[in-house]
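Topology and contacts: notes
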Amino acid sequence: MAYETILVERLERVGLIRLNRPQALNALNRQLIADLGAALDELEQDRSIGCLVLTGSEKAFAAGADIKEMQNFTYPQTYLDDFITSWERLSRTRKPVIAAVAGFALGGGCELAMMCDFILAADTAKFGQPEIKLGVMPGSGGTQRLTRFVGKSKAMEMCLTGRLMDAVEAERSGLVSRIVPAADLLDEALKVAKGIAGMSLPVAMQTKESVNRAYETTLAEGIRFERRVFQSQFGTADQKEGMAAFIEKRPAKFQH
Ligand code: CO8
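Read on for a plain summary of the structure. (Residues numbered from 1 in each chain as written. Predicted model: local features only at pLDDT ≥ 70, side-chain atom pairs only at ≥ 80, totals over all residues. Heavy atoms only, no water.)

Turning next to the nonpolar core. One finds L54, F61, V101, L112, I119, F127 and L175 to be the most contacted residues of the largest nonpolar core, which totals 44 residues. If one sorts the elements of this core by residue count, helix α1 (residues 30-45) sits on top with 6 residues. Not counting the four nearest positions on each side in its chain, L54 is found in contact with I17, L19, L36, F61, L90, V97, I98, A99, A100, L112 and C116. Within the second largest apolar cluster, 16 residues are counted, among which are V14, V53, L120 and A193. (Core = buried A, V, L, I, M, F, W, Y, C linked by side-chain atoms within 4.5 Å. Buried < 20%, exposed > 50% of the residue type's maximum accessible area, 1.4 Å probe, protein only. Helix = DSSP H or I, 4+ residues; strand = E, 2+ residues; numbered from the N terminus. Contact = heavy atoms within 4.5 Å.)

So this is what it looks like as structure tokens:
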């Protein structure tokens, strides 16, 4: 399916989504969020896809929500339209999603990257929550997810001052999993995604669900959840195949 503001490609078992509003540094407007939601629905339903990559351009992953679109919003309108709720679609994606971030990931752009399962950053990446400079605060999880990623002190400083963080600081503080040279970012993200897409899809999805539990529940509950899911995996053909392949010294060929 063709979209107005994003490009979608299927590269074997990897679904690649590129944000594509170059004239506005991929600023996130309603059309883009609708397109992204539809693409996520499409790729989630496609059984041949095992992992997704979300990326932008060399200059910007996304420079935030579209300020020109938001400028004249009123409170009743944002409340009645439930503005932002649909932006959370990405965080409900069940398949693994990697954010490949080069250039600016600001405001809603940083929030979108944090909704992914992990962030691979180009050495050019710059993260920030500069909303305060516009007279608002982060509205799509920035005050919550950034605090969980980098801790209260740094998150508070970034949200209160709007200061940007470069890739080195982002890696050091746990916001991104790794930094790669900008020229290699997409290849590296696709390579990692291909590796994940070669695993058992239900097991990858359960692993994601279990890691995410760590954010939402107590340690004891999380451990119980992990154990139950782990035990259930012994009922799958993929567990038999994975362990047989190890013992027979050959690559595993998972069914799902
Ligand atoms: N919205 C609309 N247009 C934008 C945005 C934006 N967020 N960012 C850049 N653009 C446009 C510019 O207006 C400009 O367009 P034009 O040529 O027509 O004037 C074009 O993109 C290029 O931008 P610049 O000329 O400014 O490029 P620079 O390289 O000089 O600067 C910056 C790049 C530093 C990224 C600068 O563009 C900037 O500061 N952008 C705004 C960043 C920002 O404040 N982001 C936060 C927005 S608020 C927000 O995200 C709230 C989140 C709510 C929830 C979101 C859910 C996911």
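Considering the arrangement of structural elements, one finds G142 in helix α5 (residues 142-150). The class for G142 is buried, based on a relative accessible area of 0%. When the C-alpha atoms of G142 and M114 are compared, they prove to be 8.3 Å apart, with 28 residues separating the residues in sequence. Here G142 is in contact with E111, M114, Q129 and T147, once residues within four sequence places are set aside.

A separate point is the sheet that holds strand β4 (residues 60-62). Strand order in the open sheet formed by 4 strands is β4-β6-β8-β9, with mixed pairing between adjacent strands. With partners counted over all chains shown, the strands left at the sheet margins are β4 and β9 (165-166), one partner each. Pairing of strand β8 (residues 126-128) with β9 involves 2 bridges; the strand directions are antiparallel. Bridge pairing links K126 to D166 in β9. (Pairing = 2+ DSSP bridges.)

So, about the state of the cysteines. All chains considered together, the criterion is met by 0 disulfides. Just so you know, C51 is unpaired, no disulfide at all, and the nearest cysteine sulfur is the one on C116, 10 Å from it. No disulfide involves C159; its nearest neighbouring cysteine sulfur is the one of C110, lying 8.6 Å away. Since its relative accessible area comes to 13%, C159 is described here as buried. (Disulfide = S-S within 2.5 Å.)

Running from N to C, helix α9 (residues 201-216) and helix α10 (residues 219-232) cross one another at 170°; their axes reach a closest spacing of 10 Å. Our classification of the angle between α9 and α10 gives roughly antiparallel. Counting all contacts with α9, which are made through Q206, E209, S210 and R213, the residues of α10 involved are F225, E226, V229 and S232. When its residues are assigned to classes, the contact of α9 with α10 shows 2 nonpolar, 3 polar and 3 charged. (Axes fitted to C-alpha atoms, helices over the stretch in contact; angles between N-to-C directions. Parallel < 35°, antiparallel > 145°, perpendicular 65-115°, else oblique. Nonpolar A, V, L, I, M, F, W, Y, C, P; charged D, E, K, R; others polar.)

The full set close to the ligand counts 23 residues, and K59, A65, I67, W87 and G108 are the nearest of them. Interatomic distance of 3.0 Å between a backbone N/O atom of A63 and a nitrogen atom of the ligand. A distance of 2.8 Å separates an oxygen atom of the ligand from a polar atom in the backbone of G108. For the ligand, the protein covers 68% of the area, taking 1100 Å² as the surface of the free molecule. Ranked by the residues each element gives to the shell around the ligand, the list is headed by helix α2 (residues 67-70), at 3 residues. Residue composition of the shell around the ligand, by class: 13 nonpolar, 5 polar and 5 charged. (Near = heavy atom within 4 Å. Polar contact = N/O pair within 3.5 Å; in protein donor to acceptor, adjacent residues only side chain to side chain. Areas by Shrake-Rupley, 256 points an atom, 1.4 Å probe, with all protein chains shown as cover.)

Now for the pattern of salt bridges. On inspection of all chains with the given rule, the structure shows 17 salt bridges. Between R21 and D66 there is a salt bridge, with the nearest N and O atoms lying 2.9 Å from each other. Here R21 is found in the loop between β2 (14-19) and α1, whereas its partner D66 is found in the loop between β4 and α2, with 45 residues between them in sequence. Grouping residues by exposure puts R21 and D66 together as buried. A salt bridge links E157 to R163; the shortest N-O distance between them is 2.8 Å. Since its relative accessible area comes to 27%, R163 is described here as partly exposed. (Salt bridge = Lys/Arg side-chain N within 4 Å of Asp/Glu carboxyl O.)

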